[in-house]
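Each chain, letter by letter, is given below.
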Amino acid sequence: MQSDLDVYQSISHLLSFKQICNRCGLPQKKLTEMLDYGVITPSAMTILDHEALYETDCVRKVHIAMRLCRDLELNMAGAALAIELLDEINSLRERLQID
């Protein structure tokens, strides 16, 4: 029998907290900090395990945050703000292309 998490992951492209840590090579403490600052946010919860699930795009955001902190020496709050602004710019660009 498939677990609740396996069912969600087969239907959509959702990842668990641990899977993001593994894919990005981050300790859980660092990913928790990113979660606290809003770099990533859960998209769903499993019903049985009450485990947060994240869109695969979160991996991209984590990598961007890591580069911003490393290359530009931003703190996590600054990285989260920069990612939010980049997402807004991309959204506006998409709207301009549609209209």
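In what follows, the structure referred to is the one given above.
Quick look at the structure, then. (Residues numbered from 1 in each chain as written. Predicted model: local features only at pLDDT ≥ 70, side-chain atom pairs only at ≥ 80, totals over all residues. Heavy atoms only, no water.)

### Overview of the side chain of lysine 61
Then step 1. With respect to the element layout, lysine 61 can be found in helix H4 (residues 57-71).
Then step 2. Classification of lysine 61 by relative accessible area gives buried; the value is 18%.
Then step 3. When near neighbours in sequence (up to four residues on either side) are disregarded, lysine 61 contacts Val39, Ile40, Ile83 and Asp87. (Helix = DSSP H or I, 4+ residues; strand = E, 2+ residues; numbered from the N terminus. Buried < 20%, exposed > 50% of the residue type's maximum accessible area, 1.4 Å probe, protein only. Contact = heavy atoms within 4.5 Å.)

### Quick notes on helix H5 (residues 76-98)
Then step 1. Helix length check: H5, at 23 residues, gives a terminal C-alpha distance of 33 Å against a target of 33 Å (1.5 Å per residue), a fit within 8%.
Then step 2. Taken as a whole, H5 has its buried residues at Met76, Ala79, Ala80 and Ile83.
Then step 3. Buried positions along H5 lie against helix H3 (28-36) and H4. (Expected span 1.5 Å × (residues − 1).)

### Digging into the environment of arginine 23
Then step 1. Tracing the backbone through its elements, the reader meets arginine 23 in helix H2 (residues 17-24).
Then step 2. Residues arginine 23 and histidine 63 lie 40 residues apart in sequence; the distance between their C-alpha atoms is 10.0 Å.
Then step 3. Arginine 23 has contacts with Leu15, Val59 and His63, leaving out every residue within four places of it along the chain.

### As for the packing of H2 against H4
Then step 1. Orientation of H2 relative to H4, taken along the N-to-C sense of each, is 50°, at an axis distance of 10 Å. Considering their axes alone, H2 and H4 lie oblique with respect to each other. As for the relative orientation of H2 and H4, their crossing is right-handed in sense. The segment H2 lies against H4, with Ile20, Arg23 and Cys24 engaging Cys58, Val59, Val62, His63 and Met66. (Axes fitted to C-alpha atoms, helices over the stretch in contact; angles between N-to-C directions. Parallel < 35°, antiparallel > 145°, perpendicular 65-115°, else oblique. Left-handed = near helix turned anticlockwise from the far one by under 90°.)

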